[in-house]
Amino acid sequence: MRASLHGRKIAFLVAPEGAEQSELTGPWEAVREAGGTPRLVSTRRGRVQAFEHLDRAGTFPVDDTLGEVVAADFDALVLPGGVVSPDLLRLDPDAVSFTRDFFTEGRPVAAICHAPWLLVEAGVVHGRTLTSWPSVCTDVTNAGGTWIDQEVVVDCDGPNVLVTSRRPGDLKAFQDALVDEFAHQTGSRD
């Protein structure tokens, strides 16, 4: 039987453009299929422009903006990758703070591809083991994390559970791990 996320609200944080579409839509559907409520959070209202590698793909409506919501409004956080979105978010103090608060409050986080750039900026990878797109390895290591080349890594050696993956080809393993961990680590917010 698949883990249930019934009653759980999951934030998906992306910049107004540049999120890798498959890394947004795959986990989004996995959360929905498990009974959770995904919410698209961004730095401004409107729609976000997703990409398939370097090409524009679909657009998606923003549910909540940073400043309107806080980490405590959600049970967990998903950080889709893509090159542009994580790079823009790590320059936004509200995005950095929002992300850091999930760690401070012990709420589970899942990040894929280039998304660990935001984790590095938030100062939350020291002492953690994670994976990412290979070009992020030096950033993770320099921030005190341990980088390994594995399709999915679940790290429990911190204030929260951290699930990471390398690339779109790892999505099945990433989605399975995040649903299982989010179901195990979060409680219903009744």
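Before any of the text, the structure's been laid out above.
Because the structure is a prediction, the values reported are computed rather than measured. (Residues numbered from 1 in each chain as written. Predicted model: local features only at pLDDT ≥ 70, side-chain atom pairs only at ≥ 80, totals over all residues. Heavy atoms only, no water.)

Draft legend 1. Molecular detail of the environment of Asp92. For Asp92, the location among the structural elements is in the loop between α2 (84–89) and α3 (93–104). Taking the C-alpha atoms as reference points, Asp92 and Val124, 32 residues apart in sequence, are found 16 Å from one another. Asp92 has contacts with Thr43 and Leu66, leaving out every residue within four places of it along the chain. One polar contact links the side chain of Asp92 to the main-chain amide nitrogen of Asp94, over a distance of 2.9 Å. (Helix = DSSP H or I, 4+ residues; strand = E, 2+ residues; numbered from the N terminus. Contact = heavy atoms within 4.5 Å. Polar contact = N/O pair within 3.5 Å; in protein donor to acceptor, adjacent residues only side chain to side chain.)

Draft legend 2. The arrangement of the nonpolar core in detail. With 30 residues, the main nonpolar core has Leu13, Leu77, Leu79, Phe98, Phe102, Val109 and Leu119 as its most contacted residues. Within the residue set of this core, elements represented by two or more residues are β1 (9–13), β7 (76–79), α3, β8 (109–112) and α4 (116–121). Sorting elements by how many residues they give to this core places α3 first, with 5 residues. One finds Leu5, Val31, Ala76 and Leu178 within the second-largest nonpolar core, a separate group that totals 29 residues. (Core = buried A, V, L, I, M, F, W, Y, C linked by side-chain atoms within 4.5 Å. Buried < 20%, exposed > 50% of the residue type's maximum accessible area, 1.4 Å probe, protein only.)

Draft legend 3. Region of the structure containing unusual backbone geometry. Even without being a glycine, His53 presents a positive backbone phi close to 60°. Structurally, the position occupied by His53 is in the loop between β4 (47–52) and β5 (55–61). Looking at His53, the relative accessible area reads 60%, which means it is exposed. With a phi angle near 65°, Cys113 is a residue other than glycine that sits in the positive phi range. Counting through the fold element by element, Cys113 comes out in the loop between β8 and α4.

Draft legend 4. Spotlight on the pairing of strand β11 (residues 152–155). As paired strands, β11 and strand β12 (residues 162–165) are joined by 4 bridges and run antiparallel to one another. Paired with Asp155 across the strands is Leu162, a residue of β12. (Pairing = 2+ DSSP bridges.)

Draft legend 5. Broad picture of the packing of helix α1 (residues 21–33) against helix α6 (residues 171–185). Between α1 and α6, whose axes approach to 10 Å, the crossing angle comes to 40°. Considered as vectors, α1 and α6 are oriented oblique to each other. The handedness of the crossing between α1 and α6 comes out as right-handed. Between α1 and α6, the contacting residues are Ser22, Glu23, Gly26, Pro27, Ala30 and Val31 on the first element and Leu171, Phe174, Gln175, Leu178 and Val179 on the second. (Axes fitted to C-alpha atoms, helices over the stretch in contact; angles between N-to-C directions. Parallel < 35°, antiparallel > 145°, perpendicular 65-115°, else oblique. Left-handed = near helix turned anticlockwise from the far one by under 90°.)

Draft legend 6. Focus on the packing of aromatic side chains. Across all of its chains, the model carries 3 aromatic pairs by this definition. Ring geometry for Phe12 and Trp28: centres 5.1 Å apart, planes at 55°, overall tilted. Of this pair, Phe12 sits in strand β1 while Trp28 sits in helix α1; the two residues are 16 residues apart in sequence, bridging distant segments of the chain. Residues Phe98 and Phe102 carry aromatic rings whose centres are separated by 5.1 Å and whose planes lie at 80° to one another, so their mutual orientation is edge-to-face. Remark: Phe102 and Phe98 occur in helix α3; sequence separation between them is 4 residues, near one turn of the helix. Grouping residues by exposure puts Phe98 and Phe102 together as buried. For the cation-ring pair, Lys9 lies above Phe74, with the distance from its terminal atom to the ring centre recorded as 5.0 Å. We note Arg90 situated over the ring of Trp117; from NZ or CZ to the ring centre the distance is 4.3 Å. (Phe/Tyr/Trp six-rings, centres within 6.5 Å; stacked < 30°, edge-to-face > 60°. Lys NZ or Arg CZ within 6 Å of the ring centre and 35° of its normal.)

Draft legend 7. Examining the sheet that holds β12 more closely. The 7 strands lie next to each other as β6-β3-β1-β7-β8-β12-β11, forming an open sheet whose pairing is mixed. The open sheet is flanked by β6 (64–65) and β11, the only strands paired with a single partner. Taken together, the 4 bridges between β8 and β12 define a ladder with parallel strand orientation. Bridging from a neighbouring strand, Ala110 pairs with Val163 of β12. With respect to the sheet, α6 is in contact with β1, β7, β8, β11 and β12, its orientation differing from that of β8 by roughly 170°.

Fair warning: the whole summary comes from geometry, so function is off the table for now.
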